Amino acid sequence: MEMVTSKIKSKEILIRYDTGNGIRVWVSIQGEPHEVSLYSMEIRKIYNDIKLMRGKSGVYTYDISIILNKARLSAAIPIDLVIDILHMKGINAEMEGSKIRIVGSTTLEELVGIAEELSRVYGEMIDMEISAQAKRVIAIYSLLTGKGIKDSIKDLLEQGLLSRYGDTELLVLSMDYKHALLRLQELIE
């Protein structure tokens with residue numbers, strides 16, 4: 001019901017539900033034929049998203065727009081970074097278009113929590129002189145270890161994952177991103 005009312009802003013929608021034998025939801029829409037058609041398509045899309053979130057044989061699919069709509073973001077985040085964090089946690093996940101497909105029992109609330117934490121970390125780094133790839137590694141390390149940004153940067157500099165660019169204060173990765181993720185995995189374990 002929450003997803004329907006957040007997507008469809010109309011005074012002419014009636015939602016009834018019954019929790020007797022499972023959850024049943026009835027949606028009635030009144031209005032012009034073209035409006036009803038548009039709303040019906042949107043409701044079908046929401047229904048399909050919910051079916052995918054329930055999972056089938058341990059595989060769950062979450063629409064990225066649902067995750068981002070539920071999350072309270074303070075700064076923009078690269079959404080594929082959520083996949084990298086899940087991989088670091090040992091969860092099999094992949095992006096398929098605008099959906100995240102997960103093998104395991106990660107819930108929507110956990111994904112929203114990861115997005116919110118990433119946003120908080122990115123918000124703290126917004127005015128720092130750090131390359132985009134270095135921000136990714138710092139965010140992952142900070143999130144998975146629970147350390148602050150400054151401590152994370154210090155640790156990553158000591159471990160050789162980050163370095164200063166020439167004589168500037170700009171922090172960059174000391175290696176390519178894929179190798180940095182492998183080294184990060186070793187550090188976190």
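Residues numbered from 1 in each chain as written. Predicted model: local features only at pLDDT ≥ 70, side-chain atom pairs only at ≥ 80, totals over all residues. Heavy atoms only, no water.

## Overview of the overall build of the chain
A count of helices and strands for the chain gives 8 helices and 7 strands. In the chain, which comprises 189 residues, the share counted as buried stands at 35%. Of the contacts made within the chain by residues no fewer than 6 positions apart, 54% connect residues no fewer than 24 positions apart. On the chain, roughly 11,400 Å² of surface is accessible, and the fraction owed to carbon and sulfur atoms is 51%. (Helix = DSSP H or I, 4+ residues; strand = E, 2+ residues; numbered from the N terminus. Buried < 20%, exposed > 50% of the residue type's maximum accessible area, 1.4 Å probe, protein only. Contact = heavy atoms within 4.5 Å. Areas by Shrake-Rupley, 256 points an atom, 1.4 Å probe, with all protein chains shown as cover.)

## Here's the deal with helix α4 (residues 80-88)
Buried residues dominate α4, accounting for 7 of its 9 residues. Of the positions making up α4, those classed as buried are L81, V82, I83, D84, I85, L86 and M88. Contacts made by the buried residues of α4 are with β4 (92-96), β5 (99-103), α5 (108-124), α6 (132-145) and α8 (177-188). One or two residues past the end of α4 sits G90, with phi positive at roughly 85°.

## Observations concerning the environment of S131
The topology assignment puts S131 in the loop between α5 and α6. It is 7.8 Å that separates the C-alpha atoms of S131 and L173, two residues lying 42 residues apart in sequence.

## Side note on the packing of aromatic side chains
Scanning the entire structure with this criterion turns up 0 aromatic pairs. Above the face of the Y177 ring, R136 is positioned so that its terminal group lies 5.6 Å from the ring centre. (Phe/Tyr/Trp six-rings, centres within 6.5 Å; stacked < 30°, edge-to-face > 60°. Lys NZ or Arg CZ within 6 Å of the ring centre and 35° of its normal.)

## Focus on the confidence of the model for the chain
On average, residues of the chain score 84 in pLDDT, and 85% of them are at 70 or above. Mean pLDDT across the elements of the chain ranges from a minimum in helix α1 (residues 2-7), with 65, to a maximum in α6, with 94. (pLDDT = per-residue confidence, 0-100.)

## Side note on the sheet that holds strand β3 (residues 59-63)
Overall, antiparallel pairing links the 3 strands, which are arranged β3-β5-β4 in an open sheet. Looking at strand neighbours, the two that pair on one side only are β3 and β4, the edges of this open sheet. Ignoring which end each strand starts from, the neighbouring axes of this sheet average 20° apart. In terms of strand pairing, β4 meets β5 through 5 bridges, oriented antiparallel. The residue bridging A93 from the neighbouring strand is I102, located in β5. The sheet strands contacting α4 are β4 and β5, and the helix crosses β4 at an angle near 165°. (Pairing = 2+ DSSP bridges. Axes fitted to C-alpha atoms, helices over the stretch in contact; angles between N-to-C directions.)

## Describing α8
Spanning 12 residues, α8 covers 16 Å between terminal C-alpha atoms, matching the ideal 16 Å at 1.5 Å per step. Considered for burial, the residues of α8 that qualify are Y177, A180, L181 and L184. Each buried residue of α8 sits inside an arc of 100° when the element is viewed along its axis, so together they form one side. In this structure, α8 carries K178, L182 and E186 as exposed residues pointing more than 90 degrees from its buried face. Check the buried side of α8 and you find it contacts α4, α6, α7 (149-158) and β7 (171-173). (Expected span 1.5 Å × (residues − 1). Arc of directions from axis to C-beta.)

## Brief notes about the pairing of β5
Across the two faces of β5 the burial differs, with I100 and I102 buried and K99, R101 and V103 not buried at all. Two elements, β3 and β5, share 5 bridges in a ladder whose sense is antiparallel. Looking at the pairing, Y62 lines up with I100 of β5. In sequence, β4 turns back onto β5 through a hairpin of 2 residues, with G97 there showing a positive phi of about 65°.

## As for the pattern of salt bridges
Pairs may arise between side chains of opposite charge once their charged atoms sit close together. What the rule picks out here adds up to 8 salt bridges. One salt bridge in this structure joins R136 and D80, with 3.1 Å as the shortest N-O distance. Here R136 is found in helix α6, whereas its partner D80 is found in helix α4, with 56 residues between them in sequence. You can call R136 buried: its relative accessible area is 12%. A salt bridge links E169 to R164; the shortest N-O distance between them is 3.9 Å. Bridged by salt links that share partners, the residues D80, D84 and R136 form one connected network. (Salt bridge = Lys/Arg side-chain N within 4 Å of Asp/Glu carboxyl O.)

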